[in-house]
Amino acid sequence: MNAPASRLLTLLKQRSQIFNTTWNPDSLRIGSKVLKARLRGPAMLRYYGERFSGFAALNRAIPNLGLKDVAEETRLIDIETRRKRGKVTPKKGHGRRASMKKR
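Brief notes about the overall build of the chain
In step 1: A tally of helices and strands in the chain yields 6 helices and 0 strands.
In step 2: Counting only C-alpha atoms, the chain reaches 95 × 55 × 15 Å along its principal axes.
In step 3: The buried share of the chain, reckoned over its 103 residues, is 2%.
In step 4: Of the roughly 10800 Å² of accessible surface on the chain, a fraction of 56% belongs to carbon and sulfur atoms.

Written out as C-alpha cells, the structure reads:
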C-alpha cells in the first residue's frame, strides 16, 4: 500500500508549514540552519569585553588614565623639525603645480 509521490510531497509541504520549517524538496543547501542560529557577537562581547583598535581609542575610552603614545609624540616632533627646515609636504593646493601660471 504505497502512497503516490505527489501525495507525499503535499504531506511534506503541509508538515513544513505546520512546524514552521523551510520547504526544501530538492534538499539544497540554503543556509537556514545558520540563519536561525542565535547571534554570537553579543555573548562574545560580554565574555571578552570591548576591544580597542589602537592607543587613541583606549585613551578616548578611559580618559583619566593619562597615558601617552610615545610613537605619536615622536612623529609629531619629527614633523615639527621637518617643518622648520621646509621639508614637509605642502598642503593640498599649495604645491609646485599650484604656483605655476595658468594658461
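That shown, we press on.
Let's talk about the pattern of salt bridges
In step 1: Using the criterion set out here, one finds 2 salt bridges in the structure.
In step 2: The salt bridge involving Arg-75 is made with Glu-72; its shortest N-O contact spans 2.8 Å. Taken as a pair, Arg-75 and Glu-72 lie in helix α5 (residues 70–85) at a separation of 3 residues, close to a single helical turn.
In step 3: Under the relative-accessibility criterion, Glu-72 is labelled partly exposed at 32%.
In step 4: Residues Glu-80 and Arg-83 are paired through a salt bridge, measuring 3.5 Å at the closest nitrogen-oxygen approach. Placement of both Glu-80 and Arg-83 in helix α5 is noted, with a separation of 3 residues, approximately one turn of the helix.

Thoughts on the packing of aromatic side chains
In step 1: Scanning the model with the defined rule gives 1 aromatic pair in all.
In step 2: When the ring of Tyr-47 is compared with that of Tyr-48, the centres are 4.8 Å apart and the planes differ by 90°; the resulting orientation is edge-to-face. Taken as a pair, Tyr-47 and Tyr-48 share a single burial class, namely exposed.

Re the environment of Glu-50
In step 1: Turning to its location among the elements, Glu-50 is positioned in the loop between α3 (41–48) and α4 (55–61).
In step 2: By relative accessible area, which is 62% here, Glu-50 ends up exposed.
In step 3: Along the primary structure Glu-50 and Gln-17 are separated by 33 residues, whereas in three dimensions their C-alpha atoms are 41 Å apart.

A word on the confidence of the model for the chain
In step 1: Of all residues in the chain, 96% have pLDDT values of 70 or greater, and the mean over the chain is 87.
In step 2: Here helix α6 (residues 96–99) stands out as the least confident element of the chain, with mean pLDDT 76; α5 is the most confident, with 93.

A short note on a nonpolar patch on the surface
In step 1: Residues Phe-52, Phe-55, Ile-62, Leu-65 and Leu-67 make up a contiguous nonpolar surface patch of roughly 390 Å² in combined accessible area.
In step 2: Within the element layout of this structure, Ile-62 appears in the loop between α4 and α5.

Some thoughts on helix α1 (residues 5–18)
In step 1: With 14 residues, α1 ought to run about 20 Å at 1.5 Å a step, and its terminal C-alpha atoms sit 20 Å apart, in line with that.
In step 2: Just past α1, the residue Asn-20 takes up positive phi, approximately 55°.

Remarks on unusual backbone geometry
In step 1: The phi angle at Asn-20 is positive, at roughly 55°, despite the residue not being glycine.
In step 2: Within the secondary structure layout, Asn-20 lies in the loop between α1 and α2 (32–36).
In step 3: Given a relative accessible area of 64%, Asn-20 falls into the exposed group.
In step 4: One non-glycine residue, Ser-27, lies in positive phi territory at about 55°.
In step 5: Among the secondary structure elements, Ser-27 is positioned in the loop between α1 and α2.

Criteria and cut-off values
Residues numbered from 1 in each chain as written. Predicted model: local features only at pLDDT ≥ 70, side-chain atom pairs only at ≥ 80, totals over all residues. Heavy atoms only, no water. Helix = DSSP H or I, 4+ residues; strand = E, 2+ residues; numbered from the N terminus. Buried < 20%, exposed > 50% of the residue type's maximum accessible area, 1.4 Å probe, protein only. Areas by Shrake-Rupley, 256 points an atom, 1.4 Å probe, with all protein chains shown as cover. Salt bridge = Lys/Arg side-chain N within 4 Å of Asp/Glu carboxyl O. Phe/Tyr/Trp six-rings, centres within 6.5 Å; stacked < 30°, edge-to-face > 60°. pLDDT = per-residue confidence, 0-100. Patch = residues over 30% accessible without salt bridge, like charges linked within 9 Å, V, L, I, M, F, W, Y side chains within 5 Å. Expected span 1.5 Å × (residues − 1).

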